[in-house]
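Tertiary structure, described
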Amino acid sequence: MKRKTLAMILSWTLILAVILSGCNNAGSGAGKDSGSNAGGGDSGGDGKVTLKFMHLWPAGSSAQQNKLVNDIIQQYQTDNPNVTIKQEVLENEQYKNKLKILSASNELPDVGVTWAAGFLEPYVKGNLFAPLDDLLKGDLGEKFIAGTTEAYAVDGKTYALPIELNISPIYYNKAIFEKYNLQTPATYDEFLNVVKTLTDNGEVPIALGNKDRWTGSLWYMYLANRVGGDALEKAINGSGKFDDPALTQAAAEVQKLVDMNAFNKGFNGLSNDEGKSEFMNEKAAMYLMGTWELPNFTTNPDIPQDFKDKVGFFKFPTIDGGKGDINSWVGGPGVGLFAAQNSKVKDEAQKFIQYFVEKWGESSVTEAGVIPATKVDTAAVQLPQLYIDLLNELNQASSLTLFADVQMKPAAAQAHLDMIQALFGKAVTPEDFVKNHQAAIDKGN
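Conventions adopted
Residues numbered from 1 in each chain as written. Predicted model: local features only at pLDDT ≥ 70, side-chain atom pairs only at ≥ 80, totals over all residues. Heavy atoms only, no water. Phe/Tyr/Trp six-rings, centres within 6.5 Å; stacked < 30°, edge-to-face > 60°. Helix = DSSP H or I, 4+ residues; strand = E, 2+ residues; numbered from the N terminus. Lys NZ or Arg CZ within 6 Å of the ring centre and 35° of its normal. Salt bridge = Lys/Arg side-chain N within 4 Å of Asp/Glu carboxyl O. Buried < 20%, exposed > 50% of the residue type's maximum accessible area, 1.4 Å probe, protein only. Pairing = 2+ DSSP bridges. Right-handed = clockwise from strand over helix to strand, strands pointing away. Lys, Arg positive; Asp, Glu negative; His and termini not counted. Contact = heavy atoms within 4.5 Å.

Per an unreviewed UniProt entry, the protein chain goes by Extracellular solute-binding protein and derives from Paenibacillus cucumis.

Below you can see the structure in the form of structure tokens.
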């Protein structure tokens, strides 16, 4: 769940209006393979097919995922010699912005990456993603972990197939903890003591790059859960309100951490990658992030083994008197693959998606250190211990709360992210933080 680092080029409202306008112009033929799609591939009269695939695993920042993608593509082209797959690879935030721009002109790639729930919905409403339910009717449907495909469903139809499943632990540097005789905290009071001990000794407790804002949202979501249980989810879905005292208290706890100098200097102006480097370079003791980072701590050959051996994790601690369960995680299905509704080669695009999901599930564990959305026989593969421990935690999870900005509709999600940065920057009070959230939810877009 990697988020926006570039300035928005167009407002989401304008883009959605253009999308809907484009769909009205397309008329009844919008769902047919003959529909125009300047961003997609082509099927020649000689049976040759060119398929355009846009994804977010660059070789530089996602080396193992990139290699796996290329291996899958190479094998697919070998198995289907009439097919050529052209890739466009972008960093996550560039990818999201370009997806919005391409959608406005109905030039989506034949196959692309999407997130679930609120992120997916505008593209579905704009008739831009093709339903993939037919792919779930066979053996493939039984391979998914229960509840993963549902996150990509709108009005009873499935519009993308997930390939990842993530939870968000707090990774920590065991050597730094040992240096100060610190134990992994089970309660929030113990956690605050860890933070104080580290700052008292001139150490940076937590690595954070909050320019991307969703990174800070992880901290707020966990605090909201540990104080108020499912209060945040209820506020988002309308069965509760943001004026729940637990949600205000969680916001106040965020600012308490800021006042304690818990985060690295300049965190609100740093990207996630810049914040992460503080942890990777052992300049910070802890880093809260999704399990998509596991390759960097286990199998990435470019990361020194000495550092990887130092990385452990713990669950977000419980808060005294709070309603949250320590086995409740922030996470959920990661990215999924969509087929463009107006692709000229939609049948081939769906065939490739099925192939990709199956091959990714078979290989992502051992080759990329990524938890797939399909079932894994852990007894049949050799895995790093950190990976096994997190899989075991996933099996014991009492609940899995989907990332807040993914749950929300686009305008509300944008307001949430803006408020998160303002909260961490102490530019808004906890009371105004929740008030502004409620106003965004009430607008319903």
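Once that is clear, we can look at the packing of aromatic side chains. Taken as a whole and assessed by the stated rule, the structure comprises 32 aromatic pairs. Judged by centre distance (5.5 Å) and plane angle (70°), the ring pair of Phe53 and Phe352 falls under edge-to-face. One end of the pair, Phe53, is in strand E2 (residues 49–55); the other, Phe352, is in helix H14 (residues 346–368), and 299 residues separate them in sequence. Centre to centre, the rings of Phe53 and Phe356 are 5.7 Å apart; their planes meet at 70°, and the pair counts as edge-to-face. Within this pair, whereas Phe53 is found in strand E2, its partner Phe356 is found in helix H14, the two being separated by 303 residues in sequence. Cluster of aromatic residues (ring-pair linked, three or more members): Tyr188, Phe191, Trp219, Tyr222, Phe263, Phe267, Phe316 and Phe424. Positioned over the ring face of Trp115 is Lys96, at 4.0 Å from the centre of the ring.

Here we come to the pattern of salt bridges. In the structure shown here, the tally under the stated rule is 17 salt bridges. For the salt bridge of Glu393 with Lys315, the shortest nitrogen-to-oxygen distance reads 3.4 Å. Of this pair, Glu393 sits in helix H15 (residues 385–395) while Lys315 sits in the loop between strand E12 (311–314) and strand E13 (328–333); the two residues are 78 residues apart in sequence, bridging distant segments of the chain. As far as the burial class goes, Glu393 and Lys315 line up, both buried. Among the ionic pairs, Lys359 bridges to Glu362, the shortest N-O distance being 4.0 Å. On the criterion of helical spacing, the pair formed by Lys359 and Glu362 is a turn pair, its members being 3 residues apart in helix H14.

In this section: the environment of Lys137. The topology assignment puts Lys137 in the loop between helix H4 (117–125) and helix H5 (139–143). Lys137 sits in the exposed class, given a relative accessible area of 68%.

Another aspect to go through is the pairing of strand E3 (residues 83–89). The pairing of E2 with E3 spans 7 bridges and is parallel. Residue pairing across strands places His55 opposite Val89, the latter belonging to E3. With helix H2 (residues 63–79) bridging E2 and the parallel E3, this β-α-β connection has right-handed handedness.

Within the element layout of this structure, Glu348 appears in helix H14. Put simply, Glu348 is tucked away with no salt bridge, and the nearest opposite charge, on Lys351, sits 4.2 Å away. In contact with Glu348, not counting residues within four places along its chain, are Val49, Leu51, Tyr76 and Val83.

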